[in-house]
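Letter by letter, the chains look like this.
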Protein chains: 10
Amino acid sequence: MLFHVRMDVNIPLDMDAAVAAEIKAREKAYSQGLQRSGKWRHIWRLAGEYANYSVFDVDSNQELHDILTELPLYPYMRISVQPLCRHPSSIREDDR
Amino acid sequence: MLFHVRMDVNIPLDMDAAVAAEIKAREKAYSQGLQRSGKWRHIWRLAGEYANYSVFDVDSNQELHDILTELPLYPYMRISVQPLCRHPSSIREDDR
Amino acid sequence: MLFHVRMDVNIPLDMDAAVAAEIKAREKAYSQGLQRSGKWRHIWRLAGEYANYSVFDVDSNQELHDILTELPLYPYMRISVQPLCRHPSSIREDDR
Amino acid sequence: MLFHVRMDVNIPLDMDAAVAAEIKAREKAYSQGLQRSGKWRHIWRLAGEYANYSVFDVDSNQELHDILTELPLYPYMRISVQPLCRHPSSIREDDR
Amino acid sequence: MLFHVRMDVNIPLDMDAAVAAEIKAREKAYSQGLQRSGKWRHIWRLAGEYANYSVFDVDSNQELHDILTELPLYPYMRISVQPLCRHPSSIREDDR
Amino acid sequence: MLFHVRMDVNIPLDMDAAVAAEIKAREKAYSQGLQRSGKWRHIWRLAGEYANYSVFDVDSNQELHDILTELPLYPYMRISVQPLCRHPSSIREDDR
Amino acid sequence: MLFHVRMDVNIPLDMDAAVAAEIKAREKAYSQGLQRSGKWRHIWRLAGEYANYSVFDVDSNQELHDILTELPLYPYMRISVQPLCRHPSSIREDDR
Amino acid sequence: MLFHVRMDVNIPLDMDAAVAAEIKAREKAYSQGLQRSGKWRHIWRLAGEYANYSVFDVDSNQELHDILTELPLYPYMRISVQPLCRHPSSIREDDR
Amino acid sequence: MLFHVRMDVNIPLDMDAAVAAEIKAREKAYSQGLQRSGKWRHIWRLAGEYANYSVFDVDSNQELHDILTELPLYPYMRISVQPLCRHPSSIREDDR
Amino acid sequence: MLFHVRMDVNIPLDMDAAVAAEIKAREKAYSQGLQRSGKWRHIWRLAGEYANYSVFDVDSNQELHDILTELPLYPYMRISVQPLCRHPSSIREDDR
């Protein structure tokens, strides 16, 4: 089941650079693990912004919530979620 | 080069049903042709709304504009466009 | 799986009264059938507005979309959808 | 008498973790007491957000206000309230 | 129990003048009856706008909803409702 | 001459509790003095929010401005003002 | 007593040109009469828009309301009103 | 050439009172100098708000920008600018 | 003197195609005349939208207003204007 | 390929003046290098605001993103991006 998620990241300007780097490294590893498992189907950067559009493929709203709230950058994010369906004009069965 | 597009469709309530059906059939054929060519990479329905999120893979802003304005439903759509980049955390080279 | 849905109804002022009454009667029957089946868990009127907050319990985003777009009043509605999870402070297991 | 309430929680990033944990524990106990008494009829988490939709069943606007302003997390919340009525299509008398 | 209500009136420009006058006359009589009964505590015009702020004193959300939806101008109004409480600094017991 | 005023109070989370209590006590005394003089005709709490709707009866815009800017909580408030008139449907001459 | 007013005019596209011209001529005469009497202190066009900012000098909210609602173009206007005071830095006594 | 400017002032709550007083004194002197020169044609306080509407009469956009950015309170202001024209209904040639 | 203008075009869906074509032809000729004269410095289409961003170089607000309101498509446009200055980092003197 | 970019700068009020001056000097040098290379086609100041409209001419969304995120002032900016096309009414081939 697919969900469209927009994440806007807003790290405080006075966060220690080493701390920020460590959180971002954990974020990247966490994201890539979920991408490899197929849960995090797509992630794109919005040009010019510290933000992404992502598509998740999960079994339930609860699973989506757990994945998002465990993001290392979650405390610094504003998140909006939109449930998706396969589009009737889609030629692909798995963009369900 | 990828672009995120949201399309909200608003067909007038008094449009003749046969006319509407004909336009939607042309829209579907047009969309599927572009999906098969690889230009229209993804299309998802927003649950509960007559709207979609799409991702296009085009060579230029101009090509995107031409594709969108030739949509049979274009006169009834509100469209917003967001240029995308490959995300540095993506594990896939082609989600560029 | 639960979803919070807000529906705002906007029937054209010039719709024939008998036509409107017939659509509303079908809407009520359709809604009550889904309530009896357990799919439409709650429906409340917003005081002073022609609008409702509802909670649906469905198996997927697609099932929610199908239920909503088959509403007899759907062409006259503006709809917004929010996926829900069981709250960690809830004392009830079935408000999942 | 029912009220729909949305609560968005925004705990300062620099709050001491032990202090935050203690406030959240009191919040949970307070909420569960009100749920058991029947005053707090429903509480759901919004997927991906530190926010909830709740439905309260109280005797007056004043009782609702008192309950909300005594929430341990109240100083960190943005709250919006919407009075509800039983929907004429509801099949349940007690969703009044 | 008090509620703050804002009503914005938007009568279609092409409504027959005699029809409009008749609806407004019924609106006035209906409003004044409710004012005399004490249910409609206050009504003020917003300077320069076809809109009012009103304060209602009713027994329940349902009674407020019934009063508002029976307004002769209701089909032409946009309404927003805000439940009120007696303010702790108020010197008057009956502004409850 | 009547004015509708909405005041939203936002005291900094780190203000010393004794300081806050002292400011609120002065605010209450100031408000009650103006209520007794008839300048501050109504004050209601918005259920669930640290905000009020008030109605002032003053001789001029300037008098309203002076009253508002001398509120002890003024530095912590967001204020919006709307001039009112007696409504043509009002049954009361003094809700002018 | 001064008020700042913004008026946005939106004449229906299908209004008969002669009717529109007649309404505009009456609007101009009405406005100029009020300017000559000193009630309508200033009127400026917003560059590029069919809208104006005006400053009125009236004795009461009610007088302002009466002036505005008698504008020949009033049925086609969206209006917003802001009460003004003399600014403490003003060098002119009569910009009160 | 006239410009309509809205300035909203937001001085930090923790600014030293003497510093604030000194900045405001410089602001007042600066404003009054420009009023005397005819560049700053009008300034009005918005009732209840720490904000003003002003009208400037300058030779160019650049001159307006220079005047505004040299305001002693500029770092604490949110500013919006609207170019004006003489209104065709104005009876005054110099409200150009 | 430069101005940034956004124009959104919204031609009624039921306008006769020949009428629309004639208006658009006049619009194009009018725009190109102003581009050749140097008044209309830039015009760009927003990808996917029936809208443009333009930059005008005019002697006054009034000249800008006259140019815009004489656009053949003006009755179908929503327009917003922003006065510009030469940027202190610009390497070009004539982007004044 | 052209992009319209709006940048709003918001440097913290308490930033050390020498630090701010150094960042701005680097920003200016960086911007002028890109202007000389032709990548940053236009930059204009919005009158009265610490903001600019710019037009970039880049080969891809990615190149635009890289240019923007390397701006020395980027951490203090809010940025919005709009892809542009040559307008069909443009008389210039290179405003593509």
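As a convention, each chain's residues are numbered from 1 in the sequence order in which they are written. As they are written, the chains are lettered A onward and the ligands numbered 1 onward, keeping that order. Local features in this predicted model are restricted to residues whose pLDDT is 70 or higher, and side-chain atom pairs enter the listing and the counts only when it is 80 or higher, whereas totals over whole chains, interfaces and linings include all residues. The basis for every side-chain value is the complete set of non-hydrogen atoms in the structure, without hydrogens or water.

- The name given to chain A in an unreviewed UniProt entry is Muconolactone Delta-isomerase, and the organism recorded there is Candidimonas humi.
- UniProt positions are given in the numbering used here, feature names are shortened, and annotations may be inferred rather than shown by experiment. Under the UniProt heading Catalytic activity (unreviewed entry), the note attached to chain A is "(S)-muconolactone = (4,5-dihydro-5-oxofuran-2-yl)-acetate".
- UniProt, in the comment section headed Pathway (unreviewed entry), describes chain A in these words: "Aromatic compound metabolism; beta-ketoadipate pathway; 5-oxo-4,5-dihydro-2-furylacetate from catechol: step 3/3."

1. Considering the interface of chain C and chain D
For step 1, the next point in the chain: We call two residues in contact when some of their heavy atoms are within 4.5 Å. Taken residue by residue, the interface counts 30 residues in chain C and 30 residues in chain D.
For step 2, the next point in the chain: By convention, the term buried area covers the 1.4 Å-probe accessible surface removed from two parts as they join, with the contributions of both added. Interface area, chain C with chain D, both sides summed: about 2900 Å², of which 58% is carbon and sulfur.
For step 3, the next point in the chain: The salt bridge criterion pairs a side-chain nitrogen of Lys or Arg with a carboxyl oxygen of Asp or Glu, the two atoms within 4 Å. At the boundary of chain C with chain D, the tally comes to 0 salt bridges.
For step 4, the next point in the chain: Within 3.5 Å is the distance limit for a polar contact, defined as a pair of N or O atoms, with the added protein rule that one can donate a hydrogen and the other accept it, and that residues adjacent in sequence qualify only through two side-chain atoms. Here chain C and chain D share 17 residue pairs in polar contact (both at pLDDT 80 or more) between them.
For step 5, the next point in the chain: In DSSP terms, a helix is any run of H or I states spanning at least four residues, a strand is any run of E spanning at least two, and both are numbered starting from the N terminus. When residues of the side of chain C that touches chain D are traced back to their parent elements, those giving at least two are strand E1 (2-9), helix H1 (17-37), strand E2 (40-46), strand E3 (51-57) and strand E4 (77-86) of chain C.
For step 6, the next point in the chain: At 6 residues, E2 of chain C tops the list of elements feeding residues into the side of chain C that touches chain D.
For step 7, the next point in the chain: Across the side of chain C that touches chain D, the residue classes tally to 12 nonpolar, 10 polar and 8 charged. Only Asp, Glu, Lys and Arg are considered charged, only Ala, Val, Leu, Ile, Met, Phe, Trp, Tyr, Cys and Pro nonpolar, and every remaining residue, Gly among them, polar.

2. Some remarks on the interface of chain G and chain H
For step 1, the next point in the chain: On the side of chain H, 30 residues touch chain G, which itself brings 30 residues to the contact.
For step 2, the next point in the chain: Surface buried jointly by chain G and chain H totals about 2900 Å² across both partners, of which 58% is contributed by carbon and sulfur atoms.
For step 3, the next point in the chain: Here chain G is connected to chain H by 0 salt bridges.
For step 4, the next point in the chain: For the interface between chain G and chain H, the tally reads 17 residue pairs in polar contact (both at pLDDT 80 or more).
For step 5, the next point in the chain: For the side of chain G that touches chain H, the elements supplying multiple residues, two or more each, are strand E1 (2-9), helix H1 (17-37), strand E2 (40-46), strand E3 (51-57) and strand E4 (77-86) of chain G.
For step 6, the next point in the chain: Among the elements that take part in the side of chain G that touches chain H, E2 of chain G stands out by supplying 6 residues, more than any other.
For step 7, the next point in the chain: Grouping the amino acids of the side of chain G that touches chain H by side-chain chemistry returns 12 nonpolar, 10 polar and 8 charged.
For step 8, the next point in the chain: If DSSP finds at least two bridges between two strands, the strands pair. The sheet contact formed by E2 of chain G and strand E4 (residues 77-86) of chain H spans 3 bridges and is antiparallel. What sits directly across from Trp44 of chain G, in E4 of chain H, is Arg86 of chain H.

3. Overview of the environment of Ile67 of chain G
All names here are of chain G.
For step 1, the next point in the chain: Tracing the backbone shows Ile67 in helix H2 (residues 61-69).
For step 2, the next point in the chain: C-alpha of Ile67 to C-alpha of Glu27: the two residues are 40 residues apart in sequence and 12 Å apart in space.
For step 3, the next point in the chain: Ignoring any residue separated from it by four or fewer positions in sequence, one finds Ile67 in contact with Tyr30, Leu34, Lys39, Phe56 and Val58.

4. A short note on the UniProt feature "domain: Muconolactone isomerase" (unreviewed entry) in chain A
For step 1, the next point in the chain: Per the UniProt annotation, the sites labelled "domain: Muconolactone isomerase" (unreviewed entry) are residues 1-89 of chain A.
For step 2, the next point in the chain: Span residues 1-89 of chain A is 34% helix and 36% strand, its end C-alpha atoms 18 Å apart.

5. A look at the pattern of salt bridges
For step 1, the next point in the chain: Per the stated rule, a full pass over the model turns up 70 salt bridges over all chains.
For step 2, the next point in the chain: Salt-bridge contacts for Glu63 of chain B lead to Lys39 of chain B; the nearest nitrogen and oxygen are separated by 2.8 Å. In this pair, Glu63 of chain B is assigned in helix H2 (residues 61-69) and Lys39 of chain B in the loop between helix H1 (17-37) and strand E2 (40-46), connecting sequence segments 24 residues apart.
For step 3, the next point in the chain: Salt-bridge contacts for Glu49 of chain G lead to Arg6 of chain G; the nearest nitrogen and oxygen are separated by 3.2 Å. Residue Glu49 of chain G is located in the loop between E2 and E3, and its partner Arg6 of chain G is located in strand E1; the two are separated by 43 residues in the primary sequence.
For step 4, the next point in the chain: One salt-bridge network, held together by shared partners, links Arg6, Asp8 and Glu49 of chain A.

6. Observations regarding the sheet that holds E2 of chain B
For step 1, the next point in the chain: Pairing is antiparallel around the closed barrel formed by 8 strands, whose spatial order is E1(A)-E3(A)-E2(A)-E4(B)-E1(B)-E3(B)-E2(B)-E4(A). Sheet twist, expressed as the mean angle between neighbouring strand axes with direction ignored, is 35°.
For step 2, the next point in the chain: Here helix H2 (residues 61-69) of chain A sits on the sheet in contact with strand E1 (2-9), strand E3 (51-57) and strand E4 (77-86) of chain A, set at roughly 25° to E1 of chain A.
For step 3, the next point in the chain: Angles run from 0 to 180 degrees between N-to-C directions of axes, and those axes are lines fitted to C-alpha atoms, restricted for helices to the stretch in contact. Running over the sheet, helix H2 (residues 61-69) of chain J touches strand E2 (40-46) of chain A together with strand E1 (2-9) and strand E4 (77-86) of chain B and is turned about 70° from E4 of chain B.

7. Focus: the relation of the copies chain G and chain H
For step 1, the next point in the chain: Mapping chain G onto chain H is achieved by rotating through 180° and translating by 0.0 Å along the same axis, at an RMSD of 0.0 Å. Taken together, the turn and the small shift mark the pair as related by a two-fold rotation axis.
For step 2, the next point in the chain: Interface residue correspondence from chain G to chain H reaches 100%, placing this contact among same-surface, isologous pairings. Only residues with pLDDT of at least 70 in both copies contribute their C-alpha atoms to the least-squares superposition of the copies.

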